[in-house]
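Fold and contact review
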Amino acid sequence: MAMMGMHFGHDAGVALTEAGGYRVIEAERRLGLRHVCGGNGDFPQAAAEWLAELREGAASPVTGIAVADWYTPVCQVLPPALVELVNEDARWTATGGTGLADAVTRVIKPLDWPLAKGFGDITLTAVRHHYAHAALAYYTSGARKALVLALDGTGNYAECGMVCLGDGDQLTPVMSFTNRTGPRFGLVYEALARRVHGSQFDTGKLLGLTATGETDALLLPVLRAMLVPQSTRRASPDLYEQLDEGRLTGTALRYADTWWEYDPYSGGYLDAGLADSSDDDVVHSFGSVFPDEIRTADGRSTPVGTSPDARICRDLAATLQTGVERDLTSLVTGVSRRFPSYTTLCYAGGCALNITANSRLAECAQFTRVSIPTCCDDSGIALGAALAVADPADRPALLGRSGWALAYAGPPLEGLDTVDGDDGDDAAAADGLSRRLAGLGLSLRCPADDEEFVRAVADLLADRRCVAWLEGGLETGPRALGHRSLLVSAHWSGARRYVSQTIKNREWFRPVAPVCPEEVADQYFTGPLDHTETMLFAVRVRPDRAQELAEARHIDGTARLQTVRPDAQPLLHRLCHAVAARTELPVLINTSANGGGRPLLNHLDEALELLTGTELDAVVLPERRLIVE
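Just so it is clear, the structure is predicted and the values come from calculations on it, not from any experiment.

A word on the overall build of the chain. Scanning the chain from terminus to terminus reveals 18 helices and 26 strands. In terms of C-alpha radius of gyration, the chain reaches 24 Å, essentially the compact-globule figure of 25 Å for 629 residues. When the 629 residues of the chain are sorted by exposure, 62% land in the buried category. Excluding contacts between residues fewer than 6 apart, the proportion of contacts in the chain whose partners are at least 24 apart in sequence is 70%. Here the chain has roughly 23200 Å² of accessible surface; of this, 47% comes from carbon and sulfur atoms. With 57 positive and 82 negative side-chain charges, the chain shows a spacing of 4 Å between the two charge centroids.

The following block contains the structure:
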């Protein structure tokens, strides 16, 4: 049997799980808008088509649909029973204690729900937002026993996270976190990102900016009190480090014309004033607005800027990152000590995209493995909801390094009808494509075999060209992992600027990601190299390789490395070595194949538009051994 999942909030989408694997459709990549939500005007009809597409492609009948409980109210196709559940059932809003286990999944009626039409007699189940995150992390990890953590900005009820215990086919919630008491890692990060970069979704840019600043010792306790107030630290000393009151006394935050003094009772700033406020007000106050000015314990008042070029913004970013890393490591270590028999950590939620913090967790010696799914943010919520309620037989059997089952679970590249010939006539198809490309001023090369194809692409990269490498199923989540990637060799000065700024028009401080064969990675990098297949952990460039990898490393000497293996990505693996034969460096620079501000492309026409409209040099289709220039 098969189970479907749906998510109606930002990063909306639909997904399917069955014994043979996963399929994920992210709305932004079909509708062309980053982080699109279910309130988009095109969503209702498109969502119905996506559900039909997944149902028709399933190998077995679909017996149920799971819907995540966090949604955008303006969405026109919400199940009425879901709205009623979230807004009216007090038991469902439980955030702790014994009530939590009864408020993570609930069968609801599909009455008056347009998207249920055509499915016949199905079971509709609501799944709590953070439980969906947790289910995604655990059931796609291959682990049979794990501590499971979900952390993000917020879901419903000001909830910002959950801890579950994974044992075999069971996932049991044991703790819930709320933005009322912290940790507010996601919300405060979003607030500063909005201030500096203009959007709550620019947390990735803010993470890149952290490397350009320095941690301010006087600002640090103020930001940490914003993340987790002292009252929460006192109540749970095994989870949080208490701050020095002497470094908080006299501190204050200014929002517009109002100064909020440090409140010793709550141990925070806005906390006392928001005690009786609604959940929405709590989330808005911490997540949408960053202070305009900060007064530290020495009496210094520091106005907060609004530009990534402002020194204070860069230092605030670095200081906030330091605070997040310290408090996250303390929290996870403390939770692990409460449940000491769990040596694997499965981690999801938007906070799990913080790769430098992830490396702190991997290197804290508390776990033998830290597993993070590629779509750990809300783009994976639809699949997480489906996995949360699916029969164990409807979840793929995962063994060993199983992340690839999820990493490329998106749809294949569209628009290839111009490449595939009728009745297998590939020559006629290539001829037709050549004529079409000629009209665009482009040419087509068709190498005879894989060896010739890899050699031709390696020649382009060694000659300081940039290629779009489009292979197989679309990546799930925000990282391009060699299926929708722009590649350039790291051996030449100016490679980073060429691919990141000239072609994609990205900010100067944004990092790029190196790709390296797994078997030689330790010659160039140090750190958690056993966690580097999906670019979700930061490693460090070896000091003796710093100059050689100047184009691939970030300002602080770190790198968001992807290691590739011959059994998982044979052609990309061979390409790295082929480039090394020409340049003496088996490291490529990888960034996502998309224009500035656009989602990962998934149509040949989009790739050709990028080729003709930017300085991109070639589009290559490895499975068909085609090179468009």
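We now examine the packing of aromatic side chains. Under the counting rule described, the total for this entry stands at seven aromatic pairs. When the centroid spacing of 5.2 Å and the interplanar angle of 55° are considered together, the rings of Y138 and Y139 count as tilted. The class for Y138 is buried, based on a relative accessible area of 1%. With a relative accessible area of 9%, Y139 lands in the buried category. Clustering of aromatic rings is evident, with ring pairs tying together F8, F43 and W50. The lysine or arginine in question, R55, covers the ring of F119, its NZ or CZ lying 4.8 Å from the ring centre.

Moving on, we come to the sheet that holds strand β21 (residues 539-541). Taken together, three strands build an open sheet; the order of strands is β20-β21-β22 and the sheet is antiparallel. The sheet is open, and its two edges are formed by β20 (525-526) and β22 (558-559), each paired on a single side. Relative to β21, β20 runs antiparallel, the two sharing two bridges. Each residue of the ladder has a partner; that of T526, found in β21, is R540.

Attention shifts here to the pattern of salt bridges. Scanning the entire structure with this criterion turns up 40 salt bridges. One salt bridge connects E53 with R23, and the closest N-O pair in it is separated by 3.8 Å. Placement of E53 in helix α2 (residues 43-57) and of R23 in strand β3 (residues 21-26) is noted, with a sequence separation of 30 residues between them. In this structure, R338 engages D238 in a salt bridge whose closest nitrogen and oxygen atoms are separated by 2.7 Å. Pair noted here: R338 is in helix α10 (residues 311-338) and D238 is in the loop between α8 (230-235) and β10 (252-255), with a separation of 100 residues, a long-range link. Here R338 falls in the partly exposed class, since its relative accessible area comes to 39%. D238 sits in the partly exposed class, given a relative accessible area of 39%. One network of salt bridges, in which partners are shared, links R23, R30, E53 and E414.

Locating S330 in the fold gives a position in helix α10. Sequence separation of S330 and N590 is 260 residues, and the distance between their C-alpha atoms is 33 Å. The contacts of S330, once residues within four sequence positions are left out, are D238, L239, Y240 and E241.

Before going further, it helps to spend a moment on empty space enclosed by the protein. Under the counting rule described, the total for this entry stands at four cavities of 30 Å³ or more. Roughly 60 Å³ of volume is contained in the largest cavity. Around the largest cavity sit V24, I25, E26, R29, R30, G410, P411, L474, E475 and N602, which together line it. Elements represented by at least two residues in the lining of the largest cavity include exactly β3 and α1 (27-31).

Here we take up the nonpolar core. Core analysis: the biggest nonpolar cluster contains 104 residues, and F290 and Y347 have the highest contact counts within it. A total of nine residues in this core trace back to one element, the largest contributor, which is α10. Apart from residues no more than four positions distant in its own chain, Y347 is found in contact with A137, L149, L151, L328, A352, N358, L361, S371, I372 and P373. Formed by 44 residues, the second largest nonpolar core is a distinct cluster that contains V541, L604, A607 and L610.

Examined against the element boundaries, E325 turns out to sit in helix α10. E325 gets classed as buried once you look at its relative accessible area, which sits at 13%. In contact with E325, other than residues within four places in its own chain, are T356, A357 and R360.

Summed over the entire model, instances satisfying the criterion amount to zero disulfides. Unpaired in terms of disulfides, C376 finds its nearest cysteine sulfur in C375, a separation of 7.7 Å. In this structure C376 comes out as buried when scored by relative accessible area, which is 0%.

Next up on the list: helix α12 (residues 381-389). The element α12 is largely enclosed, with a buried count of eight among its nine residues. Looking at α12, one finds that the buried residues are I381, A382, L383, G384, A385, A386, L387 and A388.

Taken across its eight residues, helix α11 (residues 355-362) has seven buried, putting it largely inside the fold. Taken as a whole, α11 has its buried residues at I355, T356, A357, N358, S359, L361 and A362. On its buried side, α11 packs onto α6 (203-210), α10, β14 (344-348) and β15 (369-371).

The element strand β2 (residues 13-18) is extensively covered by neighbouring structure, given that six of its six residues are classed as buried. The side-chain alternation of β2 yields two buried faces, one formed by G13, A15 and T17 and the other by V14, L16 and E18. As paired strands, strand β1 (residues 2-8) and β2 are joined by six bridges and run antiparallel to one another. Paired with H7 across the strands is G13, a residue of β2. Here β1 folds back onto β2 in antiparallel fashion, the turn holding four residues, of which D11 has a positive phi close to 60°. As judged from the six bridges shared by β2 and β3, these two strands associate in the antiparallel manner.

With that settled, the discussion passes to the pairing of strand β8 (residues 159-167). β8 sits mainly inside the fold: eight of its nine residues count as buried. Relative to β8, strand β7 (residues 145-151) runs antiparallel, the two sharing seven bridges. Residue pairing in the sheet places L149 in a bridge with V163 of β8. One ladder, built from eight bridges, connects β8 with strand β9 (residues 170-178); its direction is antiparallel. Opposite C164, over in β9, you have P173 as the bridge partner. Remark: two residues form the turn of the hairpin made by β8 and β9, two consecutive strands paired antiparallel; G168 in that turn has positive phi of roughly 60°.

Rules of the game
- Within any chain, residue numbers begin from 1 and follow the written order of that chain's sequence.
- In keeping with the model being predicted, local features are shown solely for residues with a pLDDT of at least 70 and side-chain atom pairs are shown and tallied solely at 80 or more, while totals for entire chains, interfaces and linings include all residues.
- With hydrogens and water set aside, each side-chain value is computed from the structure's full complement of heavy atoms.
- Helix numbering and strand numbering both begin at the N terminus, where a helix is a DSSP run of H or I of at least 4 residues and a strand a DSSP run of E of at least 2.
- In this treatment the radius of gyration is a C-alpha quantity, and the globule benchmark scales as 2.2 Å times the residue count to the 0.38 power.
- In this scheme, a residue with accessible area under 20% of its type's maximum is buried, one over 50% is exposed, and one in between is partly exposed, where area comes from a 1.4 Å probe on protein chains only.
- In what follows, residue pairs with any heavy atoms lying within 4.5 Å of each other are defined as contacts.
- Computed by Shrake-Rupley with a 1.4 Å probe, the accessible areas treat only the displayed protein chains as cover when residues are assessed.
- Just so you know, the count uses Lys and Arg for positive and Asp and Glu for negative, and it drops His and the chain ends.
- Each charge is placed at NZ for Lys, CZ for Arg, CG for Asp and CD for Glu.
- Working definition: rings of Phe, Tyr and Trp (its six-membered ring) pair if their centres are within 6.5 Å, and the pair is stacked with planes under 30 degrees apart, edge-to-face with planes over 60 apart, and tilted otherwise.
- For a lysine, the NZ atom is tested; for an arginine, the CZ atom; a charge sits over a ring if that atom is within 6 Å of the ring centre and within 35 degrees of the ring normal.
- Strand pairing is defined by DSSP finding a minimum of two bridges between the two strands.
- Note on definitions: salt bridges are taken to be side-chain nitrogens of Lys or Arg within 4 Å of carboxyl oxygens of Asp or Glu.
- As defined here, a cavity is a set of points on a 1 Å grid over the protein atoms alone where a 1.4 Å probe fits but cannot get out. A pocket is an open set with protein on both sides within 12 Å along at least five of seven lines, and residues line them when an atom is within 4 Å of a point.
- Grid points are joined across faces, edges and corners, and a volume is the space filled by probe spheres set on the points.
- Residue types Ala, Val, Leu, Ile, Met, Phe, Trp, Tyr and Cys, when buried and joined through side-chain atoms within 4.5 Å, form a set referred to as a nonpolar core.
- Cysteine sulfur atoms are paired as a disulfide whenever they come within 2.5 Å of each other.

Bear in mind that shape data such as this cannot, by itself, settle questions of function.
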